[in-house]
Amino acid sequence: MIKVVKFGGSSLANAEQFRKVADIIQSDDSRRYIVPSAPGKRFSEDTKVTDMLYECYSAAAKGKDYKPLLENIKKRYYEIINELGLTLSLEAEFSIMEACFIGKAGRDYAASRGEYLNGIVLANFLGYEFVDAAEVIFFDDNGAFDADRTNQILSQRLADIERAVVPGFYGSMPNDTIKTFSRGGSDVTGSIVAKAVKADLYENWTDVSGFLVADPRVIDNPKVITTITYKELRELSYMGATVLHEDAIFPVRKEGIPINIKNTNAPEDSGTMIVESTSKKPEYTITGIAGKKGFTAVSIEKDMMNLELGFGRKILEVFEKNGISFEHMPSGIDTMSIIVQQSEFEAKEQEVLAGIHRNVSPDSIEIESDIALIAVVGRGMKSTRGTAGRIFSALAHAHVNVKMIDQGSSELNIIIGVNDADFEKALKAIYDIFVSSVL
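The rules we used
- Residues numbered from 1 in each chain as written.
- Predicted model: local features only at pLDDT ≥ 70, side-chain atom pairs only at ≥ 80, totals over all residues.
- Heavy atoms only, no water.
- Core = buried A, V, L, I, M, F, W, Y, C linked by side-chain atoms within 4.5 Å.
- Buried < 20%, exposed > 50% of the residue type's maximum accessible area, 1.4 Å probe, protein only.
- Helix = DSSP H or I, 4+ residues; strand = E, 2+ residues; numbered from the N terminus.
- Contact = heavy atoms within 4.5 Å.
- Salt bridge = Lys/Arg side-chain N within 4 Å of Asp/Glu carboxyl O.
- Pairing = 2+ DSSP bridges.

Trainee: Please clarify how the nonpolar core should be interpreted in this entry.
Mentor: One recurring pattern in soluble globular proteins is that nonpolar side chains are buried together. Among the nonpolar cores identified, the biggest contains 125 residues, and Leu90 and Leu158 are the most heavily contacted of them. Ranked by residue count, the leading element in this core is helix α5 (residues 107–126), at 9 residues. Contacts of Leu158, omitting those with residues within four sequence positions, involve Tyr33, Val131, Ala164, Val166, Val193 and Val197.

Trainee: Looking at this model, I keep getting lost on the pattern of salt bridges. Mind explaining?
Mentor: A complete count under the given rule lists 21 salt bridges for this structure. For the salt bridge of Arg163 with Asp29, the shortest nitrogen-to-oxygen distance reads 2.7 Å. With Arg163 in the loop between α6 (147–159) and β4 (164–165) and Asp29 in the loop between α1 (15–26) and β2 (31–36), this pair connects stretches of sequence that are 134 residues apart. Relative accessible area serves as the criterion here: at 60%, Asp29 is assigned to the exposed category.

Trainee: Sorry, what's going on with the sheet that holds strand β3 (residues 129–130) here?
Mentor: By way of backbone hydrogen bonds, the strands of a sheet pair with one another, either parallel or antiparallel. Pairing is mixed in the open sheet, where 8 strands are placed in the order β3-β4-β2-β1-β7-β9-β10-β8. Looking along the sheet, the strands with just one partner apiece sit at the ends: β3 and β8 (227–229). Across 5 bridges, strand β7 (residues 201–206) lies against strand β9 (residues 259–263) in parallel orientation. Bridging from a neighbouring strand, Glu203 pairs with Asn260 of β9.

Dropping the structure here:
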(Lines give C-alpha, C1' and ligand atoms only; values in the text may rest on other atoms or scores of the structure.)
Protein backbone atom coordinates (compact mmCIF):
# COMPACT_ATOMS: atom_id res chain seq x y z
CA MET A 1 0.00 0.00 0.00
CA ILE A 2 1.20 3.53 -0.82
CA LYS A 3 0.04 6.64 1.01
CA VAL A 4 0.86 10.24 0.15
CA VAL A 5 0.63 12.47 3.21
CA LYS A 6 0.42 16.25 3.22
CA PHE A 7 0.95 18.32 6.36
CA GLY A 8 -0.34 21.88 6.69
CA GLY A 9 1.47 24.85 8.16
CA SER A 10 0.04 24.45 11.66
CA SER A 11 1.27 20.83 11.65
CA LEU A 12 4.84 22.03 11.02
CA ALA A 13 4.89 25.31 12.94
CA ASN A 14 7.61 24.32 15.42
CA ALA A 15 9.85 21.46 16.56
CA GLU A 16 7.15 19.94 18.76
CA GLN A 17 4.85 19.69 15.74
CA PHE A 18 7.68 18.22 13.65
CA ARG A 19 8.00 15.42 16.19
CA LYS A 20 4.26 14.72 16.02
CA VAL A 21 4.51 14.56 12.23
CA ALA A 22 7.46 12.19 12.39
CA ASP A 23 5.60 9.91 14.82
CA ILE A 24 2.61 9.83 12.47
CA ILE A 25 4.75 9.00 9.44
CA GLN A 26 6.82 6.37 11.19
CA SER A 27 3.76 4.68 12.69
CA ASP A 28 2.65 3.53 9.23
CA ASP A 29 5.22 2.12 6.79
CA SER A 30 2.96 2.90 3.82
CA ARG A 31 3.32 6.67 4.37
CA ARG A 32 6.10 7.01 1.81
CA TYR A 33 5.69 10.39 0.09
CA ILE A 34 5.41 13.53 2.21
CA VAL A 35 4.25 17.00 1.09
CA PRO A 36 4.94 19.78 3.63
CA SER A 37 3.64 23.34 3.82
CA ALA A 38 5.66 26.28 5.17
CA PRO A 39 5.67 26.76 8.96
CA GLY A 40 2.37 28.26 10.10
CA LYS A 41 1.43 30.15 13.22
CA ARG A 42 2.79 28.83 16.55
CA PHE A 43 0.18 30.85 18.45
CA SER A 44 -2.74 33.09 17.47
CA GLU A 45 -0.75 36.35 17.30
CA ASP A 46 2.13 34.75 15.39
CA THR A 47 2.97 35.35 11.70
CA LYS A 48 3.07 32.61 9.07
CA VAL A 49 6.46 32.18 7.38
CA THR A 50 4.86 32.75 3.96
CA ASP A 51 3.71 36.21 5.08
CA MET A 52 7.17 36.91 6.53
CA LEU A 53 8.69 36.03 3.15
CA TYR A 54 6.31 38.34 1.29
CA GLU A 55 7.23 41.21 3.60
CA CYS A 56 10.97 40.55 3.32
CA TYR A 57 10.81 40.29 -0.46
CA SER A 58 8.82 43.52 -0.76
CA ALA A 59 11.42 45.40 1.28
CA ALA A 60 14.38 43.93 -0.65
CA ALA A 61 12.81 44.55 -4.05
CA LYS A 62 12.14 48.20 -3.12
CA GLY A 63 15.71 48.73 -1.89
CA LYS A 64 14.62 49.07 1.74
CA ASP A 65 16.29 47.50 4.78
CA TYR A 66 15.27 43.84 4.59
CA LYS A 67 18.03 42.41 6.82
CA PRO A 68 16.03 42.31 10.10
CA LEU A 69 13.14 40.61 8.28
CA LEU A 70 15.48 38.02 6.78
CA GLU A 71 17.03 37.36 10.17
CA ASN A 72 13.60 36.68 11.66
CA ILE A 73 12.94 34.11 8.93
CA LYS A 74 16.29 32.45 9.59
CA LYS A 75 15.51 32.41 13.30
CA ARG A 76 12.24 30.52 12.69
CA TYR A 77 13.97 27.75 10.78
CA TYR A 78 17.03 27.45 13.01
CA GLU A 79 14.81 27.32 16.06
CA ILE A 80 13.22 24.19 14.59
CA ILE A 81 16.54 22.74 13.44
CA ASN A 82 18.28 23.28 16.77
CA GLU A 83 15.40 21.96 18.89
CA LEU A 84 15.30 18.82 16.74
CA GLY A 85 19.03 18.33 17.30
CA LEU A 86 19.87 18.41 13.58
CA THR A 87 23.30 19.31 12.19
CA LEU A 88 21.84 21.09 9.20
CA SER A 89 22.91 24.43 7.75
CA LEU A 90 20.64 26.44 5.46
CA GLU A 91 23.13 29.29 4.95
CA ALA A 92 23.78 28.46 1.29
CA GLU A 93 20.04 28.41 0.65
CA PHE A 94 19.51 31.70 2.46
CA SER A 95 22.35 33.33 0.46
CA ILE A 96 20.75 32.30 -2.82
CA MET A 97 17.36 33.46 -1.59
CA GLU A 98 18.73 36.84 -0.51
CA ALA A 99 20.35 37.43 -3.91
CA CYS A 100 17.12 36.49 -5.68
CA PHE A 101 15.12 38.83 -3.45
CA ILE A 102 17.43 41.74 -4.29
CA GLY A 103 17.28 40.73 -7.95
CA LYS A 104 13.47 40.85 -7.89
CA ALA A 105 12.90 37.18 -8.68
CA GLY A 106 9.18 37.64 -8.02
CA ARG A 107 6.62 37.19 -5.25
CA ASP A 108 5.95 33.61 -6.30
CA TYR A 109 9.61 32.76 -5.81
CA ALA A 110 9.59 34.47 -2.42
CA ALA A 111 6.49 32.64 -1.20
CA SER A 112 7.74 29.25 -2.40
CA ARG A 113 10.85 29.39 -0.22
CA GLY A 114 8.76 28.63 2.87
CA GLU A 115 7.81 25.17 1.57
CA TYR A 116 11.21 24.64 -0.06
CA LEU A 117 13.19 25.22 3.14
CA ASN A 118 10.70 23.33 5.30
CA GLY A 119 10.96 20.40 2.89
CA ILE A 120 14.73 20.31 3.31
CA VAL A 121 14.40 20.36 7.11
CA LEU A 122 11.71 17.65 7.18
CA ALA A 123 13.60 15.39 4.75
CA ASN A 124 16.71 15.71 6.90
CA PHE A 125 14.76 14.91 10.07
CA LEU A 126 13.04 11.87 8.55
CA GLY A 127 16.02 10.59 6.56
CA TYR A 128 13.96 10.80 3.34
CA GLU A 129 15.14 12.03 -0.07
CA PHE A 130 14.32 15.66 -0.90
CA VAL A 131 12.80 16.33 -4.33
CA ASP A 132 12.52 19.99 -5.32
CA ALA A 133 8.99 20.62 -6.65
CA ALA A 134 10.44 22.99 -9.27
CA GLU A 135 12.05 19.96 -10.96
CA VAL A 136 8.87 17.84 -11.17
CA ILE A 137 5.81 20.14 -11.17
CA PHE A 138 5.27 22.33 -14.22
CA PHE A 139 3.21 25.23 -15.52
CA ASP A 140 2.87 26.28 -19.16
CA ASP A 141 3.75 29.64 -20.75
CA ASN A 142 0.36 31.03 -19.72
CA GLY A 143 0.83 30.05 -16.08
CA ALA A 144 -1.65 27.17 -16.25
CA PHE A 145 -0.79 23.91 -14.53
CA ASP A 146 0.67 21.40 -17.04
CA ALA A 147 -0.90 18.19 -15.75
CA ASP A 148 0.37 15.82 -18.45
CA ARG A 149 4.03 16.85 -18.33
CA THR A 150 3.98 16.96 -14.53
CA ASN A 151 2.51 13.47 -14.22
CA GLN A 152 5.02 12.02 -16.68
CA ILE A 153 8.13 13.57 -15.09
CA LEU A 154 6.98 13.21 -11.48
CA SER A 155 5.98 9.55 -11.81
CA GLN A 156 9.33 8.75 -13.47
CA ARG A 157 11.28 10.60 -10.80
CA LEU A 158 9.52 8.95 -7.86
CA ALA A 159 9.46 5.46 -9.39
CA ASP A 160 13.00 4.83 -8.16
CA ILE A 161 12.65 6.63 -4.81
CA GLU A 162 11.27 4.60 -1.92
CA ARG A 163 10.58 7.56 0.37
CA ALA A 164 10.62 11.25 -0.52
CA VAL A 165 9.66 14.73 0.63
CA VAL A 166 8.22 16.97 -2.12
CA PRO A 167 7.47 20.53 -0.91
CA GLY A 168 4.00 21.83 -1.69
CA PHE A 169 2.61 25.02 -3.22
CA TYR A 170 4.94 25.62 -6.19
CA GLY A 171 6.43 24.40 -9.45
CA SER A 172 8.27 25.98 -12.39
CA MET A 173 7.52 27.75 -15.66
CA PRO A 174 9.14 26.80 -19.03
CA ASN A 175 11.71 29.58 -18.45
CA ASP A 176 12.57 28.00 -15.05
CA THR A 177 11.02 30.79 -12.98
CA ILE A 178 9.02 29.72 -9.96
CA LYS A 179 5.21 29.69 -10.11
CA THR A 180 2.93 29.01 -7.15
CA PHE A 181 -0.58 27.70 -6.85
CA SER A 182 -3.03 29.93 -4.97
CA ARG A 183 -2.78 30.05 -1.17
CA GLY A 184 -3.40 26.63 0.30
CA GLY A 185 -1.91 25.09 -2.83
CA SER A 186 0.09 22.47 -0.94
CA ASP A 187 -3.18 20.50 -0.91
CA VAL A 188 -2.99 20.49 -4.71
CA THR A 189 0.62 19.31 -4.70
CA GLY A 190 -0.31 16.39 -2.46
CA SER A 191 -3.05 15.41 -4.88
CA ILE A 192 -0.68 15.63 -7.84
CA VAL A 193 1.90 13.43 -6.09
CA ALA A 194 -0.80 10.92 -5.14
CA LYS A 195 -1.83 10.62 -8.78
CA ALA A 196 1.77 10.27 -9.98
CA VAL A 197 2.62 7.39 -7.64
CA LYS A 198 -0.83 5.78 -8.02
CA ALA A 199 -1.36 6.01 -4.28
CA ASP A 200 -4.00 3.97 -2.49
CA LEU A 201 -4.81 6.89 -0.21
CA TYR A 202 -4.03 10.61 0.05
CA GLU A 203 -3.94 11.74 3.69
CA ASN A 204 -4.27 15.47 4.26
CA TRP A 205 -3.21 16.33 7.81
CA THR A 206 -4.32 19.63 9.31
CA ASP A 207 -5.45 21.06 12.67
CA VAL A 208 -9.05 19.83 12.57
CA SER A 209 -10.46 16.30 12.66
CA GLY A 210 -12.08 16.47 9.24
CA PHE A 211 -14.89 18.41 7.62
CA LEU A 212 -17.64 19.63 9.91
CA VAL A 213 -21.35 19.57 9.12
CA ALA A 214 -21.47 23.35 9.67
CA ASP A 215 -19.22 26.33 10.42
CA PRO A 216 -17.98 26.09 14.04
CA ARG A 217 -17.94 29.89 14.22
CA VAL A 218 -21.74 29.76 13.95
CA ILE A 219 -22.66 26.33 15.36
CA ASP A 220 -21.26 25.16 18.71
CA ASN A 221 -19.34 21.87 18.36
CA PRO A 222 -20.79 20.77 15.01
CA LYS A 223 -20.56 17.08 14.11
CA VAL A 224 -17.76 15.73 11.89
CA ILE A 225 -18.69 14.42 8.45
CA THR A 226 -17.35 10.85 8.36
CA THR A 227 -17.74 10.26 4.62
CA ILE A 228 -18.37 12.75 1.83
CA THR A 229 -18.36 12.42 -1.96
CA TYR A 230 -16.34 14.63 -4.27
CA LYS A 231 -19.55 16.17 -5.62
CA GLU A 232 -20.79 17.06 -2.15
CA LEU A 233 -17.41 18.51 -1.27
CA ARG A 234 -17.40 20.71 -4.37
CA GLU A 235 -20.79 22.13 -3.43
CA LEU A 236 -19.71 22.88 0.14
CA SER A 237 -16.30 24.28 -0.90
CA TYR A 238 -17.97 26.61 -3.39
CA MET A 239 -20.11 28.01 -0.57
CA GLY A 240 -17.23 28.66 1.78
CA ALA A 241 -16.15 25.38 3.45
CA THR A 242 -12.35 25.69 3.33
CA VAL A 243 -10.62 22.74 5.02
CA LEU A 244 -9.24 21.57 1.66
CA HIS A 245 -8.16 23.57 -1.41
CA GLU A 246 -10.95 22.80 -3.90
CA ASP A 247 -8.51 22.25 -6.82
CA ALA A 248 -6.99 19.36 -4.86
CA ILE A 249 -9.96 17.21 -5.77
CA PHE A 250 -9.41 16.87 -9.51
CA PRO A 251 -6.11 14.94 -9.86
CA VAL A 252 -7.12 12.20 -7.40
CA ARG A 253 -10.74 12.07 -8.48
CA LYS A 254 -9.70 10.99 -11.98
CA GLU A 255 -7.68 8.16 -10.46
CA GLY A 256 -10.28 7.06 -7.93
CA ILE A 257 -7.95 7.84 -5.01
CA PRO A 258 -9.78 8.69 -1.75
CA ILE A 259 -8.68 11.58 0.45
CA ASN A 260 -8.61 11.30 4.23
CA ILE A 261 -8.67 14.58 6.19
CA LYS A 262 -6.86 13.96 9.51
CA ASN A 263 -5.84 15.93 12.59
CA THR A 264 -2.12 16.07 13.41
CA ASN A 265 -2.93 16.86 17.03
CA ALA A 266 -5.45 14.01 17.33
CA PRO A 267 -4.16 11.29 14.98
CA GLU A 268 -6.45 8.68 16.54
CA ASP A 269 -9.54 10.48 15.16
CA SER A 270 -10.83 8.86 11.98
CA GLY A 271 -11.38 12.22 10.27
CA THR A 272 -13.32 12.63 7.03
CA MET A 273 -13.02 10.28 4.07
CA ILE A 274 -13.59 11.91 0.67
CA VAL A 275 -14.60 9.40 -2.02
CA GLU A 276 -15.91 9.25 -5.59
CA SER A 277 -19.09 7.48 -4.51
CA THR A 278 -20.22 5.31 -1.63
CA SER A 279 -22.95 2.89 -0.62
CA LYS A 280 -22.63 4.06 2.97
CA LYS A 281 -25.79 5.70 4.18
CA PRO A 282 -25.09 9.17 5.62
CA GLU A 283 -25.62 9.59 9.34
CA TYR A 284 -28.02 12.46 8.71
CA THR A 285 -30.25 13.36 5.77
CA ILE A 286 -27.88 16.21 4.95
CA THR A 287 -24.11 15.94 4.67
CA GLY A 288 -23.29 19.57 5.37
CA ILE A 289 -24.38 23.20 5.40
CA ALA A 290 -22.29 26.10 4.16
CA GLY A 291 -22.94 29.65 3.08
CA LYS A 292 -21.66 33.11 2.29
CA LYS A 293 -22.91 36.65 2.72
CA GLY A 294 -22.69 39.61 0.39
CA PHE A 295 -24.77 38.88 -2.70
CA THR A 296 -27.09 41.05 -4.77
CA ALA A 297 -30.21 39.96 -6.68
CA VAL A 298 -30.98 41.78 -9.93
CA SER A 299 -34.62 40.96 -10.79
CA ILE A 300 -35.85 41.63 -14.33
CA GLU A 301 -39.57 41.57 -15.15
CA LYS A 302 -41.09 41.59 -18.62
CA ASP A 303 -44.44 40.33 -19.83
CA MET A 304 -44.18 37.31 -22.16
CA MET A 305 -40.39 37.05 -21.73
CA ASN A 306 -40.71 33.28 -22.04
CA LEU A 307 -41.71 33.69 -25.70
CA GLU A 308 -38.76 35.96 -26.55
CA LEU A 309 -35.97 33.87 -28.06
CA GLY A 310 -32.53 34.55 -26.57
CA PHE A 311 -33.88 36.63 -23.67
CA GLY A 312 -31.71 34.92 -21.04
CA ARG A 313 -28.62 35.06 -23.25
CA LYS A 314 -29.08 38.79 -23.83
CA ILE A 315 -29.32 39.39 -20.07
CA LEU A 316 -26.22 37.36 -19.23
CA GLU A 317 -24.31 38.99 -22.07
CA VAL A 318 -24.58 42.32 -20.22
CA PHE A 319 -23.01 40.85 -17.09
CA GLU A 320 -20.29 39.18 -19.15
CA LYS A 321 -19.36 42.41 -20.92
CA ASN A 322 -18.97 44.08 -17.54
CA GLY A 323 -16.76 41.27 -16.17
CA ILE A 324 -19.33 40.03 -13.65
CA SER A 325 -19.99 36.31 -13.20
CA PHE A 326 -23.36 35.17 -11.92
CA GLU A 327 -23.92 32.72 -9.08
CA HIS A 328 -27.53 31.61 -9.63
CA MET A 329 -30.39 32.41 -11.96
CA PRO A 330 -33.84 31.51 -10.55
CA SER A 331 -36.65 32.45 -12.90
CA GLY A 332 -40.41 32.44 -13.52
CA ILE A 333 -42.55 32.92 -16.62
CA ASP A 334 -42.22 36.70 -16.67
CA THR A 335 -39.37 37.21 -14.20
CA MET A 336 -35.68 36.39 -13.99
CA SER A 337 -33.29 37.05 -11.10
CA ILE A 338 -29.53 37.14 -11.48
CA ILE A 339 -27.59 36.57 -8.25
CA VAL A 340 -24.13 38.16 -8.26
CA GLN A 341 -21.36 39.04 -5.82
CA GLN A 342 -22.29 42.41 -4.35
CA SER A 343 -18.69 43.65 -4.31
CA GLU A 344 -18.34 42.95 -8.06
CA PHE A 345 -21.70 44.42 -8.98
CA GLU A 346 -21.61 47.71 -7.08
CA ALA A 347 -18.80 49.19 -9.18
CA LYS A 348 -20.63 48.46 -12.45
CA GLU A 349 -24.30 48.57 -11.44
CA GLN A 350 -25.33 51.53 -13.61
CA GLU A 351 -23.55 50.14 -16.67
CA VAL A 352 -25.31 46.81 -16.10
CA LEU A 353 -28.74 48.41 -15.72
CA ALA A 354 -28.27 50.49 -18.86
CA GLY A 355 -27.12 47.41 -20.77
CA ILE A 356 -30.17 45.39 -19.68
CA HIS A 357 -32.50 48.20 -20.82
CA ARG A 358 -30.78 48.37 -24.20
CA ASN A 359 -30.75 44.60 -24.73
CA VAL A 360 -34.24 43.52 -23.62
CA SER A 361 -36.35 46.60 -22.77
CA PRO A 362 -37.68 45.20 -19.46
CA ASP A 363 -40.88 46.38 -17.82
CA SER A 364 -38.99 46.85 -14.55
CA ILE A 365 -35.72 46.07 -12.79
CA GLU A 366 -35.37 45.68 -9.04
CA ILE A 367 -32.15 45.37 -7.05
CA GLU A 368 -31.94 43.80 -3.62
CA SER A 369 -28.60 43.72 -1.79
CA ASP A 370 -27.26 42.15 1.39
CA ILE A 371 -28.38 38.64 0.56
CA ALA A 372 -26.74 35.52 2.01
CA LEU A 373 -26.75 32.20 0.18
CA ILE A 374 -26.90 28.94 2.11
CA ALA A 375 -26.23 25.56 0.51
CA VAL A 376 -27.82 22.51 2.11
CA VAL A 377 -25.92 19.56 0.63
CA GLY A 378 -26.39 15.81 0.94
CA ARG A 379 -26.61 12.64 -1.12
CA GLY A 380 -29.23 11.46 1.37
CA MET A 381 -31.69 14.17 0.30
CA LYS A 382 -32.49 12.41 -2.97
CA SER A 383 -34.00 9.39 -1.23
CA THR A 384 -35.65 11.28 1.64
CA ARG A 385 -39.08 12.79 1.22
CA GLY A 386 -39.94 16.19 2.59
CA THR A 387 -36.39 17.55 2.90
CA ALA A 388 -37.26 20.93 1.40
CA GLY A 389 -40.39 21.09 3.55
CA ARG A 390 -38.37 20.52 6.70
CA ILE A 391 -35.91 23.27 5.70
CA PHE A 392 -38.63 25.85 5.09
CA SER A 393 -40.54 24.83 8.20
CA ALA A 394 -37.38 25.29 10.30
CA LEU A 395 -36.72 28.70 8.76
CA ALA A 396 -40.31 29.82 9.26
CA HIS A 397 -40.18 28.73 12.90
CA ALA A 398 -37.00 30.81 13.30
CA HIS A 399 -38.76 33.80 11.68
CA VAL A 400 -36.39 33.81 8.70
CA ASN A 401 -37.80 35.06 5.40
CA VAL A 402 -36.63 33.10 2.33
CA LYS A 403 -35.66 35.37 -0.57
CA MET A 404 -34.67 32.74 -3.11
CA ILE A 405 -34.77 28.98 -3.70
CA ASP A 406 -32.67 27.11 -6.26
CA GLN A 407 -32.39 23.32 -6.43
CA GLY A 408 -30.06 21.47 -8.79
CA SER A 409 -31.38 18.67 -11.00
CA SER A 410 -29.12 16.18 -9.21
CA GLU A 411 -31.09 16.75 -5.98
CA LEU A 412 -27.73 16.94 -4.23
CA ASN A 413 -28.20 20.46 -2.92
CA ILE A 414 -30.71 23.20 -2.24
CA ILE A 415 -29.59 26.84 -2.33
CA ILE A 416 -31.54 29.27 -0.18
CA GLY A 417 -31.26 33.05 -0.18
CA VAL A 418 -31.93 35.00 3.03
CA ASN A 419 -31.08 38.44 4.38
CA ASP A 420 -27.47 38.81 5.53
CA ALA A 421 -28.82 39.68 8.99
CA ASP A 422 -30.59 36.30 9.17
CA PHE A 423 -27.61 34.23 8.01
CA GLU A 424 -26.47 32.82 11.36
CA LYS A 425 -30.06 32.31 12.54
CA ALA A 426 -30.87 30.36 9.36
CA LEU A 427 -27.78 28.15 9.66
CA LYS A 428 -28.65 27.26 13.24
CA ALA A 429 -32.26 26.48 12.35
CA ILE A 430 -31.27 24.12 9.53
CA TYR A 431 -28.58 22.42 11.62
CA ASP A 432 -30.99 21.93 14.50
CA ILE A 433 -33.73 20.35 12.39
CA PHE A 434 -31.42 17.86 10.64
CA VAL A 435 -28.70 17.16 13.19
CA SER A 436 -29.49 18.27 16.74
CA SER A 437 -33.03 16.91 16.63
CA VAL A 438 -31.84 13.38 15.73
CA LEU A 439 -29.04 13.12 18.30
